[in-house]
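# Understanding the architecture of this molecule
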Amino acid sequence: MFSKGSVLVVDDEINLCRILGAKLAKSGYSVVAVHDGQQAVDKVRESEFDVVLLDLILPKVDGLSALAQIRSLNHDLPVIIMTACGSAESLETARNHGVSAYINKPFDLDILVELVQSTSAASSTRKQKGMPGGTILFVKDQPVTIEVLNGRTGGVFASLVDSKDERTLTLIAPMRDGNIIEVAPRTPVRVGLGANEAYYSFNSYVLSVKPGEAPLLVLDKPGVIYRTQRRQSPRIALDAAVRYGKLSSEDEAPGALVTGRSSDLGSGGIRIISAERLDPGDLVYLELDAIGGVGPINAVAEVLRSRPVDSESRYSSSMKFRKLRGNLGRLRVD
């Protein structure tokens, strides 16, 4: 296969290098991986590369020092900085060395490949490029779901990101009915995040628990995160009354309905705001009256994720349609 170019991957996480190497190779790149700053400098001295992916925290020679030496060898070589929690000072120093882009760990592999492609294509102009803010995963107060994978306290709960560093992700301990869920160290968990018009998830485990009025769960953090779902259809903002009720099966007749508000609507799903918490996996019957050229609609939908939205104990629930009847107006897909 014709190579799109040569990429040098520099990271001390050997498994991460293997994952990046396999993904880039599948996308048509030839890849060389090294695991410390000195090796990176030596490789740039010995060989020609189209792009360098460089971690900042490295053994022997740190990322910034390696970057300075790389610049002395090749002033125009595009370098993309990979970082989990780089300080403003470090990023400013990297910027002064003419880096082409920054990407935050953990990152979407598809976005990384797109970034390598665009950086390589634009290398002749050496434009400085930063990742759009929406592509950053796991920033403070970002809503996530955490599924506790044991029999005693198992379940899916809403949480928020507290912080992250090079190796860990810290979440606010989840709550149920106003009570903190006790999760012991070594408990396996699955973390989910909706961002970038997609849904991401990964399995991890609890490294430690930081006690306090709002306990914190410190998790082992992956270097990359896999996209498990991308929204297949566009949505429009739609603030309208929606009647809904839980179902035990798709074919069950709906019982008493309660009223919430829709937030957005598409041909593939809907987001509603409700006083009642809906859990991932719940089946819900929905009715929406005609408004703004859309509706009336009735549907059966599956809850994908749910999170608290304010201090009034309301919840935002994203759902995908399992059955749908009605007028989608300009959202209809032929």
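Note on numbering: residues in each chain are counted from 1, in written sequence order. Per-residue local features are limited, in this predicted model, to residues with pLDDT of at least 70; the limit for side-chain atom pairs, both in listing and counting, is 80 or more; totals at the level of whole chains, interfaces and linings are taken over all residues. In computing side-chain values, all of the structure's heavy atoms are included and hydrogens and water are not.

## Overview of the overall build of the protein chain
- A count of helices and strands for the protein chain gives 5 helices and 21 strands.
- Burial classes: relative accessible area under 20% of the type maximum marks a residue as buried, over 50% as exposed, and values in between as partly exposed (1.4 Å probe, protein chains only). Going through the 334 residues of the protein chain one by one, you find that 46% of them count as buried.
- Any two residues whose heavy atoms approach within 4.5 Å are treated as being in contact. Contacts spanning at least 24 positions in sequence make up 61% of the contacts within the protein chain whose residues lie at least 6 apart.
- Surface accessibility in these figures is a Shrake-Rupley result with a 1.4 Å probe; residues are shielded only by whichever protein chains are displayed. By element, 49% of the accessible surface of the protein chain is carried by carbon and sulfur atoms, the whole surface being about 16000 Å². Only DSSP runs of H or I covering at least 4 residues are called helices, and only runs of E covering at least 2 are called strands; the numbering of each starts at the N terminus.

## Thoughts on the packing of helix α2 (residues 37-46) against helix α3 (residues 63-73)
- Remark: α2 packs on α3, axes separated minimally by 9 Å, with the N-to-C direction vectors making an angle of 10°. Taken together, the axes of α2 and α3 lie roughly parallel to each other. Here Gly37, Val41, Val44 and Arg45 of α2 come into contact with α3, specifically with Ala66, Gln69, Ile70 and Leu73. Each axis is a line fitted through C-alpha atoms, taken for helices only over the stretch in contact, and angles between the N-to-C directions span 0 to 180 degrees. Oblique is the label for any angle not under 35 degrees, not over 145, and not in the 65 to 115 range, which are roughly parallel, roughly antiparallel and roughly perpendicular in turn.

## A few points about the side chain of aspartate 282
- By the secondary structure assignment, aspartate 282 is in the loop between β18 (269-274) and β19 (283-288).
- Polar contacts involving the side chain of aspartate 282 include one to the main-chain amide nitrogen of aspartate 279, which spans 2.8 Å.
- Sequence-distant contacts of aspartate 282, that is, excluding residues within four places in its chain, are made with Lys246, Ala301, Glu302 and Val303. Any pair of N or O atoms that falls within 3.5 Å is considered a polar contact. Within protein, one atom must be able to donate a hydrogen and the other to accept it, and sequence-neighbouring residues count only if both atoms are side-chain atoms.

## Structural notes on the confidence of the model for the protein chain
- For the protein chain, the average pLDDT comes to 82, and 86% of its residues sit at 70 or higher.
- Note that residues 124-135 has pLDDT below 50 and, in this model, 23 contacts with residues that lie over four places away or in other chains. Per-residue confidence from the predictor is given as pLDDT, running between 0 and 100.

## Quick notes on unusual backbone geometry
- The peptide bond linking lysine 105 to proline 106 adopts the cis configuration, its omega dihedral lying at -10°.
- Residue placement: proline 106 occurs in the loop between β5 (101-104) and β6 (107-108).
- Look at the link from glycine 295 to proline 296: it is a cis peptide, with omega at 0°.
- Of note, lysine 60 is a non-glycine position whose phi angle comes to about 65°, a positive value.
- Tracing the chain through its elements places lysine 60 in the loop between β3 (51-55) and α3.

## Brief notes about the pattern of salt bridges
- Note on definitions: salt bridges are taken to be side-chain nitrogens of Lys or Arg within 4 Å of carboxyl oxygens of Asp or Glu. Under the definition given, this model contains 19 salt bridges.
- Across the salt bridge formed by aspartate 55 and lysine 105, the nearest N and O atoms sit 3.5 Å from each other. With aspartate 55 in strand β3 and lysine 105 in the loop between β5 and β6, this residue pair connects regions lying 50 residues apart in the sequence. You'll find aspartate 55 and lysine 105 in the same group, each marked buried.
- Linking aspartate 264 and arginine 271 is a salt bridge whose minimum nitrogen-to-oxygen distance equals 2.2 Å.
- Aspartate 264 gets classed as buried once you look at its relative accessible area, which sits at 10%.
- Among the ionic contacts, a cluster of salt bridges with common partners joins Asp11, Asp12, Glu13, Asp55, Lys105 and Arg167.

## A look at the pairing of β18
- Among the 6 residues that make up β18, 5 are buried, leaving the element largely enclosed by the rest of the structure.
- When DSSP finds two or more bridges between two strands, those strands count as paired. Pairing of strand β17 (residues 258-266) with β18, which is carried by 4 bridges, proceeds in the antiparallel orientation. Within β18, the residue paired with aspartate 264 across the bridge is arginine 271.
- Hairpin geometry of β17 and β18 is characterised by an intervening segment of 2 residues between the two adjacent antiparallel strands.
- In terms of strand pairing, β18 meets strand β21 (residues 315-326) through 6 bridges, oriented antiparallel. Across the sheet, glycine 269 pairs through a bridge with lysine 320, a residue of β21.

## Digging into the pairing of strand β2 (residues 29-34)
- Bridging between strand β1 (residues 5-10) and β2 involves 6 bridges; their strand directions are parallel. Considered in β2, the bridge of glycine 5 is made with tyrosine 29.

## Observations concerning the nonpolar core
- Here, nonpolar core refers to any group of buried Ala, Val, Leu, Ile, Met, Phe, Trp, Tyr and Cys residues whose side-chain atoms link them within 4.5 Å. By size, the foremost hydrophobic cluster in this structure holds 22 residues, and its most contacted members are Phe138, Val144, Leu171, Val191 and Leu219.
- Of all the secondary structure elements, the ones that give two or more residues to this core are β7 (143-148), β8 (155-164), β9 (168-172), β12 (188-195), β13 (198-210) and β14 (216-220).
- Those residues within four positions of valine 191 in sequence are excluded, and the remaining contacts are Phe138, Val144, Thr145, Leu171, Tyr200, Ser201, Phe202 and Leu219.

## So, the sheet that holds β3
- With parallel pairing, the 5 strands of this open sheet are ordered in space as β2-β1-β3-β4-β5. Two strands bound the open sheet, and with one partner strand each, they are β2 and β5. Averaged over neighbouring strand pairs, the angle between their axes works out to 20° when direction is ignored.
- Relative to β3, β1 runs parallel, the two sharing 4 bridges. Each residue of the ladder has a partner; that of valine 10, found in β3, is leucine 54.
- Along the sheet, helix α1 (residues 14-26) contacts β1, β2, β3 and β4 (79-83); its crossing angle with β2, the most-contacted strand, is approximately 170°.

## A few points about α3
- Among the residues of α3, those classed as buried are Gly63, Ala66, Leu67, Ile70 and Arg71. End-on, the buried residues of α3 take up no more than an arc of 140°, which puts them together on one face.
- A distance of 3.0 Å separates the backbone nitrogen of leucine 64 from a side-chain oxygen at the start of α3, and that oxygen is part of aspartate 62. Directions drawn from the helix axis to the C-beta atoms are what define this arc.

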